[in-house]
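Inside the fold
Listed below are the residues making up each chain.
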Amino acid sequence: MRLNDLKLGARLGLGFGLVLLLAALISLVGWLRLGSTLTGIEQAHAATERANSAQRWESLTLLNVNRTLAIAKSGGHPDVKAHYTPLMKATSSEISEMQKALEADLTSDQERTQFQEIADRRKAYIASRDNIFGLLDLDDPGAKDALNGQLLPAADRYLEAIHAFQVH
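The paragraphs below set out a description of the structure included in this document.

A few words on the overall build of the protein. Scanning the protein from N- to C-terminus turns up four helices and zero strands. Helices and strands appear in the protein in the N-to-C order α-α-α-α. Expected size for 168 residues packed as a compact globule is a radius of gyration near 15 Å; at 30 Å, the protein overshoots this value by more than 25%. Residue burial in the protein is summarised as follows: out of 168 residues, 28% are buried. Of the contacts made within the protein by residues no fewer than 6 positions apart, 71% connect residues no fewer than 24 positions apart. For the protein, the accessible surface area stands at approximately 10900 Å², while carbon and sulfur atoms represent 60% of it. Looking at charge distribution, the protein has the averaged site of its 18 positive side-chain charges lying 10 Å from that of its 20 negative ones.

Below, the structure written as structure tokens:
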């Protein structure tokens, strides 16, 4: 059967049906592409939020490192320590909350491993910081050597790990 053998109404119906089918296919492809685009936007937004949180984490950590250095360089002066200690505790608390929120959003084993490395480095930094403060409380002359030999390298490793997580 040929198209010319069909009546005009049947040919128009067939043509209109093909146009409707093509319109439906175009709509379906558009809908699927829109869904894909929205998913991409959501993923990009989540990645940006994560990077911003990690950058804030890094900044707060650097702030506390500098506060620690101020206390240590002052030789543990009571006024300096009294000023910075509550600020450091508040910042550490904020860092802990941020760390928990970021940890809850981890999706891969690689991210979990990287995050565990950050946690380990944070523990090492805090242990070194507490050691320095203990030496300063005892007026130990080795506090300055420990500051340069232990605390600063531990702080650098901790900050490097956070930065690596941020740019990942």
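Moving on, there is more to tell.
Glancing now at the packing of helix H1 (residues 8-73) against helix H3 (residues 109-137). For the pair H1 and H3, interaxial distance at closest approach is 11 Å and the crossing angle is 15 degrees. Relative to H3, the element H1 is oriented roughly parallel. For the crossing formed where H1 meets H3, the hand is left-handed. When H1 is examined against H3, the residues Arg-50, Trp-57, Asn-64, Val-65, Thr-68, Ile-71 and Ala-72 are found in contact with a partner set consisting of Glu-111, Phe-115, Ile-118, Tyr-125, Arg-129, Ile-132, Phe-133 and Leu-136. Among the residues making up the contact of H1 with H3, the classes are represented as 10 nonpolar, two polar and three charged.

This brings us to the environment of Ala-154. Tracing the backbone through its elements, the reader meets Ala-154 in helix H4 (residues 143-167). Measuring from C-alpha to C-alpha, the distance between Ala-154 and Pro-78 comes to 25 Å, with 76 residues separating the pair along the chain. Sequence-distant contacts of Ala-154, that is, excluding residues within four places in its chain, are made with Ala-124, Tyr-125 and Ser-128.

You can see Arg-129 is positioned in helix H3. Among all residues touching Arg-129, those that are not within four sequence positions of it are Thr-68, Met-88, Ser-92 and Leu-151.

Time to look at unusual backbone geometry. The phi torsion at Asp-139 lies on the positive side, around 55 degrees, for a residue other than glycine. For Asp-139, a relative accessible area of 64% puts it in the exposed group.

Looking now at the pattern of salt bridges. Summed over the entire model, instances satisfying the criterion amount to seven salt bridges. We note a salt bridge from Arg-56 to Glu-94, for which the minimum N-O separation is 2.8 Å. One end of the pair, Arg-56, is in helix H1; the other, Glu-94, is in helix H2 (residues 78-104), and 38 residues separate them in sequence. Between Glu-117 and Arg-121 there is a salt bridge; the shortest N-O distance is 2.7 Å. Of this pair, Glu-117 and Arg-121 are both found in helix H3, four residues apart, which corresponds to roughly one turn of the helix. Judged by its relative accessible area of 36%, Glu-117 falls in the partly exposed class. We classify Arg-121 as partly exposed; its relative accessible area is 24%.

All right, on to the packing of aromatic side chains then. Any pair of aromatic rings gets described here by the distance separating the centres and the angle formed by the planes. Using the criterion set out here, one finds three aromatic pairs in the structure. Centroid distance Tyr-125 to Tyr-158: 5.8 Å. Interplanar angle 25 degrees. Geometry classified as stacked. Placement of the pair is Tyr-125 in helix H3 and Tyr-158 in helix H4, with a sequence separation of 33 residues. Classification of Tyr-158 by relative accessible area gives buried; the value is 2%. Looking at Arg-50, its charged tip hangs above the ring of Phe-165, at a distance of 4.1 Å from the centre.

Rules and cut-offs
Residues numbered from 1 in each chain as written. Predicted model: local features only at pLDDT ≥ 70, side-chain atom pairs only at ≥ 80, totals over all residues. Heavy atoms only, no water. Helix = DSSP H or I, 4+ residues; strand = E, 2+ residues; numbered from the N terminus. Rg over C-alpha atoms; globule rule 2.2 N^0.38 Å. Buried < 20%, exposed > 50% of the residue type's maximum accessible area, 1.4 Å probe, protein only. Contact = heavy atoms within 4.5 Å. Areas by Shrake-Rupley, 256 points an atom, 1.4 Å probe, with all protein chains shown as cover. Lys, Arg positive; Asp, Glu negative; His and termini not counted. Charge placed at Lys NZ, Arg CZ, Asp CG, Glu CD. Axes fitted to C-alpha atoms, helices over the stretch in contact; angles between N-to-C directions. Parallel < 35°, antiparallel > 145°, perpendicular 65-115°, else oblique. Left-handed = near helix turned anticlockwise from the far one by under 90°. Nonpolar A, V, L, I, M, F, W, Y, C, P; charged D, E, K, R; others polar. Salt bridge = Lys/Arg side-chain N within 4 Å of Asp/Glu carboxyl O. Phe/Tyr/Trp six-rings, centres within 6.5 Å; stacked < 30°, edge-to-face > 60°. Lys NZ or Arg CZ within 6 Å of the ring centre and 35° of its normal.

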